[in-house]
Amino acid sequence: MNTSQRLKLVAAVCAGVLSLAACTTTDTSSTTGNDSPSSTTINGSGASSQVNAQQAWRDHFTTTSGTVVNYDPTGSGTGRKQFIAGQVAYAGTDSILDAEEVEKATARCGSEPLELPLYISPIAVAFNLDGVESLNLTASTIAQIFDGKISSWNDSRIARLNPGVSLPDLAIIPVNRADDSGTTENFQHYLIESAGGDWPYEASDTWPRTGTQSAEKTSGVVNLVTSTPGAITYADASQIGDLGTANVDVAGEFLPYSPQAAAKIVDGSAPTADASERRITVDLKRDGSIAGAYPIVMVSYLLACTDYEQAQTGHDVKDFLTYVASAEGQDTAAASNGGNAPISDELREKVMAAIGLIND
């Protein structure tokens, strides 16, 4: 088997899997020395919330371009670390880069990295209660549940919000992420802004309480809650399956999650203080004051460089991100997920301008 045949075989194998374990974990693109797109590969890792969207994006992009894209849902924290270390060409993160991470990513990339909001999804408060599909919960009640202050499902603070609902005398089992998670940080930002003193912890991608039930990644917490009567968690809404969900208080009404309500809060929020033409970061307004906007929202970002050691890597990353940001790419992810919201045309214009800075 000659070199070209071997590389085409590797590309075919990689196209059938999502995990980076199937291929190399470096950010380089392999090539045969000709212009055949089937001979190139780019690797990414990060937020497990994006896994279904990444699968849909990968499948379509690989089919149309021939370039193989691998995404390993390692979690936001690991994805950021691998990107900064140069182990992957791009990364997904549910948390905005902090100042130290921006500095390190800039050193890796040679210039300020791209930080692009390309995945918008509501975070569902999901629970396992037999015969109960939805409950009204205030931010204060949710905070006390996850802080262990409300420990039974028939507690009066839950019952008075849900007249007519038969609540069991069953222990509440909060389940949180065990790994570093942007979903955890986003959920805590909501509790801090909306529940006030009922959530006394600082927001971070690490869960602040010890001795709790926990699991790795989005799939892990969802599986644990699904198998545990009385359990409750927070997770990307597109991955919660048949679990019951909370309607949260927004401007005096209880609002269920939806992609449309999630997108509304993004459009109603301002850029972060350190946002730039490359880092299109959003300071989400999660205090429940925007009517019709679901406040427990996650904006997940894709990280990339504008300069790569190999020009082919830059070319492939640029093409891939252009597809992801396109109306077609956003609709493809939404259709596969059933939970995330396509970005607005106004936001797409800013994102496309940033992607255009990648040198290929």
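Residues numbered from 1 in each chain as written. Predicted model: local features only at pLDDT ≥ 70, side-chain atom pairs only at ≥ 80, totals over all residues. Heavy atoms only, no water.

1. Overview of the overall build of the protein chain
Step number 1: When helices and strands are counted, the protein chain shows 12 helices and 13 strands.
Step number 2: Buried positions account for 54% of the 360 residues belonging to the protein chain.
Step number 3: By element, 49% of the accessible surface of the protein chain is carried by carbon and sulfur atoms, the whole surface being about 14,200 Å². (Helix = DSSP H or I, 4+ residues; strand = E, 2+ residues; numbered from the N terminus. Buried < 20%, exposed > 50% of the residue type's maximum accessible area, 1.4 Å probe, protein only. Areas by Shrake-Rupley, 256 points an atom, 1.4 Å probe, with all protein chains shown as cover.)

2. With respect to the pairing of strand 8 (residues 231–236)
Step number 1: The buried count for strand 8 comes to 6 of 6 residues, which makes it a mostly enclosed element.
Step number 2: Where strand 4 (residues 114–127) meets strand 8, 5 bridges bridge the pair, whose relative direction is antiparallel. By the bridge assignment, Ala-124 is partnered in strand 8 with Ala-235.
Step number 3: Two strands pair when backbone bridges link them, and strand 6 (residues 173–177) and strand 8 are joined in this way by 2 bridges, in the parallel orientation. Looking across to strand 8, one finds that Pro-174 is bridged to Ile-232. (Pairing = 2+ DSSP bridges.)

3. Re the state of the cysteines
Step number 1: A full pass over the atoms with the stated rule returns 1 disulfide.
Step number 2: At a sulfur-sulfur separation of 2.0 Å, the disulfide partner of Cys-109 is Cys-305. Handedness here is read from the sign of the S-S torsion; for Cys-109 and Cys-305, about -60°, the answer is left-handed. One end of the pair, Cys-109, is in helix 4 (residues 99–109); the other, Cys-305, is in the loop between strand 13 (297–304) and helix 10 (311–325), with 196 residues separating them in the sequence.
Step number 3: Given the relative accessible area of 0%, Cys-305 is considered buried. (Disulfide = S-S within 2.5 Å.)

4. Description of the pattern of salt bridges
Step number 1: Using the criterion set out here, one finds 13 salt bridges in the structure.
Step number 2: Across the pair Asp-205 and Arg-80 runs a salt bridge, and its minimum N-O distance is 2.7 Å. Note that Asp-205 is positioned in the loop between helix 7 (182–195) and strand 7 (213–215) and Arg-80 in helix 3 (residues 76–84), a separation of 125 residues in sequence. Of the two residues examined, Asp-205 and Arg-80, each falls in the buried class.
Step number 3: Between Arg-279 and Glu-115 there is a salt bridge, with the nearest N and O atoms lying 2.8 Å from each other. Of the two residues, Arg-279 sits in the loop between strand 11 (270–271) and strand 12 (282–283) while Glu-115 sits in strand 4, which places them 164 residues apart along the sequence. No difference in accessibility class separates Arg-279 from Glu-115, as the two residues are buried.
Step number 4: Shared partners join several salt bridges into a network, and the residues in it are Arg-80, Glu-101 and Asp-205. (Salt bridge = Lys/Arg side-chain N within 4 Å of Asp/Glu carboxyl O.)

5. A closer look at the packing of aromatic side chains
Step number 1: Taken as a whole, this structure holds 13 aromatic pairs when the rule is applied.
Step number 2: Judged by centre distance (6.1 Å) and plane angle (70°), the ring pair of Phe-146 and Trp-207 falls under edge-to-face. Here Phe-146, found in helix 5 (residues 139–146), pairs with Trp-207, found in the loop between helix 7 and strand 7; they are 61 residues apart in sequence, far enough to count as distant.
Step number 3: Take Trp-207: its relative accessible area is 9%, and that puts it in the buried class.
Step number 4: Taking the centre distance of 4.9 Å and the plane angle of 70° together, the rings of Trp-199 and Tyr-201 count as edge-to-face.
Step number 5: Under the relative-accessibility criterion, Tyr-201 is labelled partly exposed at 25%.
Step number 6: Following the ring pairs from residue to residue traces out a cluster consisting of Phe-146, Phe-187, Trp-199, Tyr-201, Trp-207 and Tyr-234.
Step number 7: The lysine or arginine in question, Arg-108, covers the ring of Phe-83, its NZ or CZ lying 4.7 Å from the ring centre. (Phe/Tyr/Trp six-rings, centres within 6.5 Å; stacked < 30°, edge-to-face > 60°. Lys NZ or Arg CZ within 6 Å of the ring centre and 35° of its normal.)

6. Digging into the packing of helix 10 against helix 12 (residues 345–355)
Step number 1: Across the interface, helix 10 lies against helix 12 with an axial gap of 10 Å and an inter-helix angle of 175°. When the interaxial angle is binned, helix 10 and helix 12 end up roughly antiparallel. Contacts from Lys-318, Leu-321, Thr-322 and Ala-325 of helix 10 reach helix 12 at Arg-348, Val-351, Met-352 and Ile-355. (Axes fitted to C-alpha atoms, helices over the stretch in contact; angles between N-to-C directions. Parallel < 35°, antiparallel > 145°, perpendicular 65-115°, else oblique. Contact = heavy atoms within 4.5 Å.)

7. Considerations on helix 3
Step number 1: Along helix 3, the positions that sit buried rather than exposed are Ser-76, Gly-77, Gly-79, Arg-80, Gln-82 and Phe-83.
Step number 2: The inward-facing, buried residues of helix 3 contact strand 1 (41–46), strand 3 (90–93), helix 4, helix 7 and strand 13.
Step number 3: Positive phi shows up at Gly-86, right after helix 3, with a value of about 80°.

8. Side note on the pairing of strand 6
Step number 1: Burial within strand 6 is extensive, with 4 of its 5 residues counted as buried.
Step number 2: As defined by bridge partners, strand 6 adjoins strand 7 across 3 bridges and the pair is classed as parallel. If you follow Val-175 over to strand 7, its bridge partner there is Gln-213.

9. Regarding the nonpolar core
Step number 1: Grouped together as the largest cluster of nonpolar side chains are 84 residues, with contacts concentrated most on Leu-116, Ile-142, Phe-146, Phe-187, Phe-320 and Leu-321.
Step number 2: By residue number, the principal contributor to this core is strand 4, which donates 8 residues.
Step number 3: Among the domains, domain 1 (41–121 + 266–284 + 295–356) and domain 2 (123–261) are the pair contributing at least three residues each to this core.
Step number 4: When neighbours within four sequence positions are excluded, Leu-116 is seen to be in contact with Arg-278, Ile-280, Ser-300, Tyr-301, Leu-302, Leu-321, Val-351, Ala-354 and Ile-355.
Step number 5: In this structure, Ala-215, Val-225, Ala-231 and Ala-237 belong to the second largest nonpolar core, which totals 12 residues. (Core = buried A, V, L, I, M, F, W, Y, C linked by side-chain atoms within 4.5 Å. Domains from an automatic or database assignment.)

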